[in-house]
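Summary of structural features
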Amino acid sequence: MIPMVDLKTQYHDLKQEIDRAVLDAIESSQFILGPNVTAFEQESAAYLGAAHAVSCASGTDALHLAILAAGIGPGDEVITSPFTFIATAEAICYAGATPVFVDIDPQTFNIDPTLIEAAITPRTRAVIPVHLFGQPAELSEIKAICEAHKLQLIEDCAQSFGAATGGSMTGTHGSLGCFSFFPSKNLGCYGDGGLVTCATPELAEQLKVLRNHGSRVRYHHSVIGFNSRLDDIQAAILRVKLKRIDQFNNGRRRVAHLYSELLRDVATVPYEDGKGVHVYHQYTLLTDRRDAVMAHLSERKIACAVYYPIPLHRQDVFAAACAGISLPIAENVASRCMSLPIYPEMPEESVRVVAEAVRESLLG
Ligand SMILES: *Cc1c(COP(=O)(O)O)cnc(C)c1O
């Protein structure tokens, strides 16, 4: 069996250090907003080149808190991609705002910047590009549009920790950047976790208040906030893994580049724009014969998956609101995309076995 991801191998590689860090965190018994949380926020801000970083309980919460800190609420519209995990749009709805879906670029799978301006209305407050599969969105163009129309740029970096474009990391191009540490993400903890990067001390302060029951001083509550904190134990694990994030991302890139070399002539392999660093949270190709390829892989005991089979404007939850909307590129990509196993420690031999099985199914 070749799995989509193998979290156990990475744990075994780091076992001594992670076990020590977890036991030390338990021994210190500062479980909530303890010293590892503060240290991890400082270390991740330094790594990313962000002015501030505030941790929270999940990537979904990171988006929700960021949207609230940006002052977005009922009656507001937020432009985002229809080709993403549901959480991007959920967070917009939690704040009482309305997601407006703009079609994607067929090569990068990210929101198409040339289509954004037509979707702006007097109610538009922000654009949330998603750096899908670890591929940075067209941030220079999106940023220029946001500046011209006075919109906030909030990045969904759940799949792009360590990815960069135009010389800086994703999560540092707009006013806020939202990260997830779900176990299988490029930087993952051993449960749920999230982080928001931001450009100003005022935003950082608001995020800290929002994640901790609307409280700046204990038992004094200025706004309705949330219980959304990163556990100290999770922060301790993340600190061990953050030191190796470049090694992990380079491992993913090594796997992806070998796949592309072996599959370029039989399928549409992922695109790299040459402007930055794609960190391959997923290795996703396009083929007109997806069902046949997937059936063949599963016969060979090779895992594969479709991220994502239904674009958000076609999901039941948004179907009524989006009834008249057609986003042909997202619909086409959703019908032809498939993702292959990828993780930093994946042996070259396994990559070759998967690629050979894909080739057989398409050529055979
Ligand atoms: C994983 C993910 C999220 C949500 O993160 P959680 O930590 O699972 O809440 C949001 N957006 C995208 C694009 C994701 O992949």
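For the structure, see preceding data.
Report on the accompanying structure. (Residues numbered from 1 in each chain as written. Predicted model: local features only at pLDDT ≥ 70, side-chain atom pairs only at ≥ 80, totals over all residues. Heavy atoms only, no water.)

1. Observations concerning unusual backbone geometry
Cis geometry marks the peptide bond from Y307 to Y308; its omega dihedral reads 5 degrees. Positive phi, normally seen in glycine, also occurs at Y219, with a value near 70 degrees. Positionally, Y219 belongs in the loop between β10 (215-217) and β11 (220-221). Judged by relative accessible area, Y219 falls into the exposed class, the value being 68%. The backbone of Y280 sits at a positive phi, close to 45 degrees, despite the residue not being glycine. Within the secondary structure layout, Y280 lies in the loop between β12 (276-277) and β13 (283-286). The buried category is assigned to Y280, whose relative accessible area is 1%. (Helix = DSSP H or I, 4+ residues; strand = E, 2+ residues; numbered from the N terminus. Buried < 20%, exposed > 50% of the residue type's maximum accessible area, 1.4 Å probe, protein only.)

2. Brief notes about the sheet that holds strand β7 (residues 168-169)
Read from one edge of the open sheet, three strands run β7-β6-β12, paired in antiparallel fashion. At either margin of the open sheet sits one strand with a lone partner, and together these are β7 and β12. In terms of strand pairing, strand β6 (residues 164-165) meets β7 through two bridges, oriented antiparallel. If you follow T165 over to β7, its bridge partner there is S168. (Pairing = 2+ DSSP bridges.)

3. Focus: the site of the ligand
Contacts to the ligand come from 15 residues, most closely from G59, T60, Q159, S180 and K185. D156 is positioned with one of its side-chain polar atoms (N or O) 2.9 Å from a nitrogen atom of the ligand. Between the ligand and S180 there is a distance of 2.6 Å, counted from an oxygen atom to a side-chain nitrogen or oxygen. Contact with the protein chains removes 92% of the 380 Å² of surface that the ligand exposes when unbound. Counting atoms within 2 Å of the grid points, the majority share of the ligand lands in the largest pocket. (Near = heavy atom within 4 Å. Polar contact = N/O pair within 3.5 Å; in protein donor to acceptor, adjacent residues only side chain to side chain. Areas by Shrake-Rupley, 256 points an atom, 1.4 Å probe, with all protein chains shown as cover. 1 Å grid on protein atoms, 1.4 Å probe; cavity = no way out; pocket = protein on both sides within 12 Å on 5 of 7 lines; lining within 4 Å. Sits in = over half its atoms within 2 Å of the grid points.)

4. Some thoughts on a nonpolar patch on the surface
A cluster of nonpolar residues, L23, I26, F31, I32 and L33, forms a patch on the protein surface that exposes about 420 Å² of accessible area. Take F31: it is sitting in the loop between α1 (7-28) and α2 (35-48). You can call F31 partly exposed: its relative accessible area is 38%. (Patch = residues over 30% accessible without salt bridge, like charges linked within 9 Å, V, L, I, M, F, W, Y side chains within 5 Å. Salt bridge = Lys/Arg side-chain N within 4 Å of Asp/Glu carboxyl O.)

5. What to know about the sheet that holds strand β4 (residues 124-128)
An order of β1-β9-β8-β5-β4-β2-β3 is seen for the seven strands of this open sheet, with the pairing classed as mixed. If you trace the sheet from one side to the other, it starts and ends with β1 (52-56) and β3 (98-101), each paired once. With strand direction ignored, the average angle separating the axes of adjacent strands in the sheet is 25 degrees. Bridging between β4 and strand β5 (residues 152-156) involves two bridges; their strand directions are parallel. Bridge pairing links V127 to L153 in β5. Lying on the sheet, helix α5 (residues 139-148) is in contact with β4 and β5; it crosses β5 at an angle near 150 degrees. Across the sheet, helix α6 (residues 201-211) is in contact with β1, β8 (176-180) and β9 (194-198); its angle to β1 comes to roughly 10 degrees. (Axes fitted to C-alpha atoms, helices over the stretch in contact; angles between N-to-C directions. Contact = heavy atoms within 4.5 Å.)

6. Concerning empty space enclosed by the protein
Considering all chains together, one arrives at three cavities of 30 Å³ or more under this definition. When its volume is computed, the largest cavity comes out at roughly 100 Å³. As for the largest cavity, its lining consists of 15 residues, of which L7, Q10, K185, R252 and P344 are closest to the centre. Every element with two or more residues in the lining of the largest cavity is listed here: α1 and α8 (245-263). In the lining of the largest cavity, the residues fall into six nonpolar, four polar and five charged. In terms of domain composition, the lining of the largest cavity takes at least three residues from each of domain 1 (7-242) and domain 2 (245-363). Of the pockets and cavities examined, the second largest cavity occupies roughly 70 Å³. Q107, T108, F109, L132, F133, Q135, P270, Y271, H278, Q282 and T284 together form the lining of the second largest cavity. (Points joined across faces, edges and corners; volume = space filled by probe spheres on them. Nonpolar A, V, L, I, M, F, W, Y, C, P; charged D, E, K, R; others polar. Domains from an automatic or database assignment.)

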